[in-house]
6 protein chains.
Amino acid sequence: MARYDGRKVYEIRPVKITTGFITYPEGSVLIECGNTKVICNATVENSVPPFMKGQGRGWVTAEYSMLPRATQSRTPRDIQRLKLAPRSAEIQRLIGRALRSVTNLDRLGERTVTIDCDVIQADGGTRCASITGGFCALVLALDKLRQEGVFHQLPLYSYVAAVSAGIVGDVPMVDLNYVEDSGGEVDFNFVMDDEGKIIELQGTGEDRPFSKKEMDDMYALAEGAIRQLVQKQREAIGHLFG
Amino acid sequence: MARYDGRKVYEIRPVKITTGFITYPEGSVLIECGNTKVICNATVENSVPPFMKGQGRGWVTAEYSMLPRATQSRTPRDIQRLKLAPRSAEIQRLIGRALRSVTNLDRLGERTVTIDCDVIQADGGTRCASITGGFCALVLALDKLRQEGVFHQLPLYSYVAAVSAGIVGDVPMVDLNYVEDSGGEVDFNFVMDDEGKIIELQGTGEDRPFSKKEMDDMYALAEGAIRQLVQKQREAIGHLFG
Amino acid sequence: MARYDGRKVYEIRPVKITTGFITYPEGSVLIECGNTKVICNATVENSVPPFMKGQGRGWVTAEYSMLPRATQSRTPRDIQRLKLAPRSAEIQRLIGRALRSVTNLDRLGERTVTIDCDVIQADGGTRCASITGGFCALVLALDKLRQEGVFHQLPLYSYVAAVSAGIVGDVPMVDLNYVEDSGGEVDFNFVMDDEGKIIELQGTGEDRPFSKKEMDDMYALAEGAIRQLVQKQREAIGHLFG
Amino acid sequence: MARYDGRKVYEIRPVKITTGFITYPEGSVLIECGNTKVICNATVENSVPPFMKGQGRGWVTAEYSMLPRATQSRTPRDIQRLKLAPRSAEIQRLIGRALRSVTNLDRLGERTVTIDCDVIQADGGTRCASITGGFCALVLALDKLRQEGVFHQLPLYSYVAAVSAGIVGDVPMVDLNYVEDSGGEVDFNFVMDDEGKIIELQGTGEDRPFSKKEMDDMYALAEGAIRQLVQKQREAIGHLFG
Amino acid sequence: MARYDGRKVYEIRPVKITTGFITYPEGSVLIECGNTKVICNATVENSVPPFMKGQGRGWVTAEYSMLPRATQSRTPRDIQRLKLAPRSAEIQRLIGRALRSVTNLDRLGERTVTIDCDVIQADGGTRCASITGGFCALVLALDKLRQEGVFHQLPLYSYVAAVSAGIVGDVPMVDLNYVEDSGGEVDFNFVMDDEGKIIELQGTGEDRPFSKKEMDDMYALAEGAIRQLVQKQREAIGHLFG
Amino acid sequence: MARYDGRKVYEIRPVKITTGFITYPEGSVLIECGNTKVICNATVENSVPPFMKGQGRGWVTAEYSMLPRATQSRTPRDIQRLKLAPRSAEIQRLIGRALRSVTNLDRLGERTVTIDCDVIQADGGTRCASITGGFCALVLALDKLRQEGVFHQLPLYSYVAAVSAGIVGDVPMVDLNYVEDSGGEVDFNFVMDDEGKIIELQGTGEDRPFSKKEMDDMYALAEGAIRQLVQKQREAIGHLFG
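Below you will find a few notes about this structure.

Conventions used here
Position numbers for residues start from 1 in each chain and track the written sequence from start to end. Working convention: letters from A go to chains and numbers from 1 go to ligands, in the order in which they are written. Predicted model: local features are reported for residues with pLDDT of at least 70 only, side-chain atom pairs are reported and counted for 80 or more only, and whole-chain, interface and lining totals are derived from all residues. With hydrogens and water excluded, all non-hydrogen atoms of the structure serve as input to the side-chain values. Superposing the copies works by least squares over the C-alpha atoms of residues that have pLDDT at least 70 in both of them. For this analysis, residues touch if any pair of their heavy atoms sits within 4.5 Å. Strands pair, by our definition, only if DSSP identifies at least two bridges between them. Under the DSSP-based scheme used, a helix requires at least four consecutive residues in state H or I and a strand at least two consecutive residues in state E, with every element numbered from the N terminus. Angles run from 0 to 180 degrees between N-to-C directions of axes, and those axes are lines fitted to C-alpha atoms, restricted for helices to the stretch in contact. With a 1 Å grid spanning the protein atoms alone, the term cavity applies to any set of points in which a 1.4 Å probe fits but cannot get out, the term pocket to an open set with protein on both sides within 12 Å along at least five of seven lines, and the term lining residue to any residue with an atom within 4 Å of a point. Grid points are joined across faces, edges and corners, and a volume is the space filled by probe spheres set on the points. As a working rule, the residues Ala, Val, Leu, Ile, Met, Phe, Trp, Tyr, Cys and Pro are called nonpolar, Asp, Glu, Lys and Arg charged, and the rest polar, with Gly in that last group. Two aromatic rings from Phe, Tyr or Trp, using only the six-membered ring of Trp, form a pair when their centres are within 6.5 Å; if the ring planes differ by under 30 degrees the pair is stacked, by over 60 it is edge-to-face, and anything between is tilted. A 1.4 Å probe rolled over the protein chains alone gives each residue an accessible area, and that area as a share of the maximum for its type sets the label: buried under 20%, exposed over 50%, partly exposed in between. In plain words, nonpolar cores are sets of buried Ala, Val, Leu, Ile, Met, Phe, Trp, Tyr and Cys residues tied together by side-chain atoms within 4.5 Å. Summed over both partners, the accessible area lost on bringing two parts together, with a 1.4 Å probe, is the buried area. Take a side-chain nitrogen of Lys or Arg and a carboxyl oxygen of Asp or Glu: if they are within 4 Å of each other, that pair is a salt bridge. Polar contact criterion, stated in full: a pair of N or O atoms within 3.5 Å, where within protein one must be able to donate a hydrogen and the other to accept it, and residues adjacent in sequence count only if both atoms are side-chain atoms.

Turning our eyes to something else, we now look at the relation of the copies chain F and chain A. Expressed as a screw operation, the relation of chain F to chain A combines 0.0 Å of axial shift with a rotation of 180°, fitting to an RMSD of 0.0 Å. The superposition operator between the copies reduces to a two-fold rotation axis. Interface overlap between copies is the fraction of interface residues in one copy that are interface residues in the other; for chain F against chain A it reaches 100%, indicating a shared surface.

Here we come to the sheet that holds strand S7 (residues 171-174) of chain C. Ordered by their spatial adjacency, eight strands build an open sheet running S7(C)-S6(C)-S8(C)-S9(C)-S9(D)-S8(D)-S6(D)-S7(D), and the pairing between neighbours is antiparallel. Of all strands in the sheet, those bounded by a partner on one side alone are S7 of chain C together with strand S7 (171-174) of chain D. With direction set aside, neighbouring strand axes in the sheet form an average angle of 15°. Pairing geometry for strand S9 (residues 198-205) of chain C and strand S9 (residues 198-205) of chain D, over five bridges, is antiparallel. Directly across from Gly203(C), in S9(D), lies its bridge partner Leu201(D). In this fold helix H6 (residues 212-237) of chain D packs onto S9 of chain C together with strand S6 (160-168), S7, strand S8 (186-193) and S9 of chain D, with an angle of close to 140° to the strand it touches most, S6(D).

For the non-touching pair chain A and chain D, the nearest C-alpha separation works out to 11 Å. With no contact formed, the shortest span from any C-alpha in chain C to any C-alpha in chain F equals 11 Å.

Right, let's talk about the layout of surface pockets for a bit. Here the second largest pocket defines a volume of roughly 180 Å³. What lines the second largest pocket is Tyr4(A), Asp5(A), Arg13(A), Gly34(A), Asn35(A), Gln72(A), Asp123(A), Asn177(A), Tyr178(A), Val179(A), Thr23(F) and Tyr24(F). Partitioned by chemical class, the residues of the lining of the second largest pocket number four nonpolar, five polar and three charged.

The next point concerns the packing of aromatic side chains. Applying the stated criterion across every chain yields a total of 42 aromatic pairs over all chains. Geometrically, the ring pair formed by Tyr159(C) and Phe241(C) is tilted, given 5.1 Å between the ring centres and 40° between the ring planes. Of the two residues, Tyr159(C) is situated in the loop between helix H4 (126-147) and strand S6 (160-168) and Phe241(C) in the segment after helix H6 (212-237); the sequence distance between them amounts to 82 residues. Here Phe241(C) falls in the buried class, since its relative accessible area comes to 14%. Summarising the aromatic geometry, the rings of Phe135(F) and Phe241(F) are spaced 6.2 Å apart at their centres and angled 70° between planes, so their arrangement reads as edge-to-face. Separated by 106 residues along the polypeptide, Phe135(F) in helix H4 (residues 126-147) and Phe241(F) in the segment after helix H6 (212-237) bring together distant segments of the chain.

Residues Phe135(E), Phe188(E), Phe135(F) and Phe188(F) are the most contacted members of the largest nonpolar core, which totals 170 residues. Ignoring any residue separated from it by four or fewer positions in sequence, one finds Phe188(E) in contact with Val163(E), Ser164(E), Ala165(E), Leu201(E), Gln202(E), Gly203(E), Phe210(E), Met215(E), Met218(E) and Leu201(F).

A few words now on the interface of chain F and chain A. Taken together, the 34 residues of chain F in the interface contact 34 residues of chain A. Overall, the association of chain F and chain A removes approximately 2,900 Å² of surface from exposure, summing both partners, and the carbon and sulfur fraction of that is 51%. Of all residues in chain F, Tyr24(F), Arg69(F) and Arg74(F) give up the largest surface area on contact with chain A, accounting jointly for 28% of the area buried on that side. For the pair chain F and chain A, the number of links is 12 salt bridges. Where chain F meets chain A, there are 20 residue pairs in polar contact (both at pLDDT 80 or more). Contributing elements (two or more residues each) for the side of chain F that touches chain A: strand S3 (36-45), strand S4 (59-66), helix H1 (78-81) and strand S5 (112-121) of chain F. If you tally residues by element for the side of chain F that touches chain A, the top one is S5(F), at six residues.

Below, the structure written as structure tokens:
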């Protein structure tokens, strides 16, 4: 079956990772997955949140936001309604968990790395792009610390990337764009490491419940897609993190 | 392997569903899953949110909150910090999606059912208890509309219940209490209908990534648990919704 | 004259005080005054607010909130409007003052006891029930400190309880339920100790001004009611505070 | 016994009511009670709050605020902490109730009168001064409506004024200034009409409980004081409201 | 050409500066420029904002607010909308910059002077009146520190005053009142020292762009006006700051 | 005198305007002035703010924000502190006024054009770049309305652009970068049309007051710079707006 933009069900959109996109952050990446574009900036601060003080361990956290016109119609800024959009709250918690899961916080030391993911154009899969791109920004920032002699090896366990999968017209497929996502029956997000192990998954039967079999199909598609995404990450920052 | 409280890995905690717990709501339930206790109150209003006006369809939404001392130490109220706790934001979105997924919004008509889930005591699994109990409150409220002649049959597709599963000490198990949850390596929540179909699932490798095989094990455990939970729901509100 | 529910003008509603209602707080009580139900949880923290630091004295404070469906129609949560309901602000200040007035803050030491009063069902007199029940939660929490050896005798001067009184159809009466309260002309709240001395009173001529004579009548009714309420408190926590 | 400033226990501070203090409001008054100074501005709007729409009745409400340096030390503005000071919330509710109690809301018609009470200098008794002065601003604003032909007689039942009373060094006295107020054992506020009937009273045993006898003494002192305050009001606006 | 109120184009409105207007602040001034009336209160605190700690330097800052009925129609208070009015935010930044520009912050030492400018009646030029009056309040507060021996000479470089200018009906004029301001084509504010040097200026072509020549004309008018304003300041506080 | 980056005092930084930068907005531009980069997105909505309803006129407004790492160190997001940064509040009011000043709001009809200016990299002059780039986004959006037949000619009076000027080391110069800006004594922003007429100017003696002569020098430099900036605008959108 041909998809809206001609891709196969297992095919991801073109991925482009531009490192050093913004000058000032310790790590900066523009990630483009098809028409979805996210700026991922990593900031290193020599302190940790109050609840972690004095343990000698570090923290990795994320903030996620969309420019008002990243979407078809304009979304008012959070500050207008004095309220972080619940969707953003949920997504930035996901990004933070994903990146922490591959970081050795003990070896990081009492430092916080904040990954700001600002979506400048949204065509589906923005949370996944934020994780995939955010990991690269994290690597760049950690490498800066390595250059400063804080540690010899990056305090990371593995790569981490994320991809969406879904069932559209009863057909499982990966890396949905906005049209597929909003028309689909089932919507998944997979976060995995470079060995196909799962770090986090979320799946919703938006239109109908789904079977274990369907979940297995989506897992298989996602596993293949993650492999390709990690390859793209490797091309961008593999010289810094084997 | 014996669990902390002597349960088998496939065994859920004692469930008690008290209907009519609070007098005023259209539907009210106290659900107790072991030491976790949640008041689920359903409110029917004859209007829908602005973005749904004039479509003739209804809406089901949820709010989730914990009393400050539902937990071991006191948590300041949201209003103190002028911010809905991000965790609550995430959970109430999940509850709302779960309950909407089994509701025929067209047949509900331009009405909103709000399910308030207030945790008065928290010992793990509060979001799952909120879904399982919230569904019963929803049935009670819809039955009130049926009695008023709004429809002949409840506008529901199926039962919906939720249970946690996880890997603790490398052993998959269901319905984790607080001690198991905070000590576990992997944490899952399954929302399913009464046929074992999945409505939503979320899984996190909090301590390490997990394999497809482990996910399958947890799914199997959850499926069995959901069957028992639906049975408990049936005992509480089965006379109203076959 | 017979009242709505058959009570005499001097008769209070049935009172039930369940201690240890919630497991985690240092003191926990469910107080039921007729159909009004309030969970009162006491939390002890080893610090005081900034304005009291370093004086060696303690602090007792209260927070008051209602579940959205404690009432006939649903009230949006405070966090929805980013604003503590002014009525709640007023009531929790009253509860705090009442409980502080019977506490020897010097002997308490640099500790804060916070009494969370969460109304789960409201049928009039919720602020009075919060004070009467909150005092019991306070006793339970202080007794825990006594068991830990912080002091030998509870740092309390006397019992404190509260009751409403009002004029309904030109008849003074005590402990108004919601129907009486909303239909009445004059509304009073009395906070007293176990010797009938007044700790706080508030009276409003909601529908008309009232005379000194009427105030005296209400005082007499309230004095008798408080005696009964203190008796109920004594049954619940008298073994801890003679 | 001589008071701090030489007054007798039954003596109020010098009162000065300046009408037309600010040019733009429909009614404007500067009230000075000793060193306490409050600007009371009345605004008339041809609409009512949502909950009163379509009933043909009016509304009277109040807002109360203090300039940051109305007091000895600077108090941050509410907007700084994004929170109306709870004390202000409580006081403005009291002022609103007091002024509504003497207003015939039916005859006012669907209009809202808002009384802004801004304390520019605070030396005790600011809430009472706000009520006494606020009533004058209300009369001025209503008179403007009368001049416009909205009604022939002001829609008011009676005068209303307020005064504090308290027990300082075991001596009951009226109209406490800041030094007396903060050093006193018992603190009362009486709101009365011009016949000595009570519209609202609040009394707190800040330092110790008090007896019925003490309350009676304070009532007697307050009654006399209110008579003097109403006389001052009459001098300021008596030509408009007999 | 005669202006609305008969003034010449170069003529400022009558200025009255009342020192010691409020009792408690370290410096207090009521400034009246025609019908514009602003209370300027200066508070001295022995600390500085976090970003200045430990540098041994002081800080001067300002807050600006209007009473709800300082204007023709009532403006809701900031706290009502949980948002500092953007116009106020802009103005208080201007006042702060203007007063800091003439203060020797090194000699002030680690102290903060906060100038609260509360407009009680607004007839145009409130930001300028706030600067002109705020400077006097600052002098009074600094003089108090001098009396306490903190320094021998006031840590001030020069006088600072402000005046508006504008083009109304193609005629440049100074010190616009509300009617002129809202009907004018171009609106300027000049902040200058006592030698006619410019500390800050803001100019807006509200109705049309303006030429360099017109700007020069307004500068000339403003320079003359500032001279008169400084003379007024000198009369009020010149005995303290030569 | 050579500047930090070798420019002459009258020389602006390289300007690059990329139209159609983001896909969805009605007008989208990336403007780069040296290392300062701002995304300007224009949104057209068929409604106006409440205060303008029913007048048949349109509105142009702006919002300004910086990504957290647009700067050397990370700035927390506004939503974190529940407060629009006062600096942003001031700047977005300026941008809005500048763009409205060249727009014929009558001919625009009851539509709102919102210009979102999001700074992704800040090296001085961000407010000026926002105006210069925002004008181009406005033209693109208005042209879209023209294509839809709303009007035949763009409802614009002229071009508008903005540039900073300042005195650094006693030397007047234009288009300051961050290093020059933060080290300078005087800081100006000029908003002008394509005939060198002034639409708005703001000047601050950050380090010392400045003379009329210095202001004239800066005006001359700015006038020349604006001419160059308008030329850049013309190259980008001149085919749409003569």
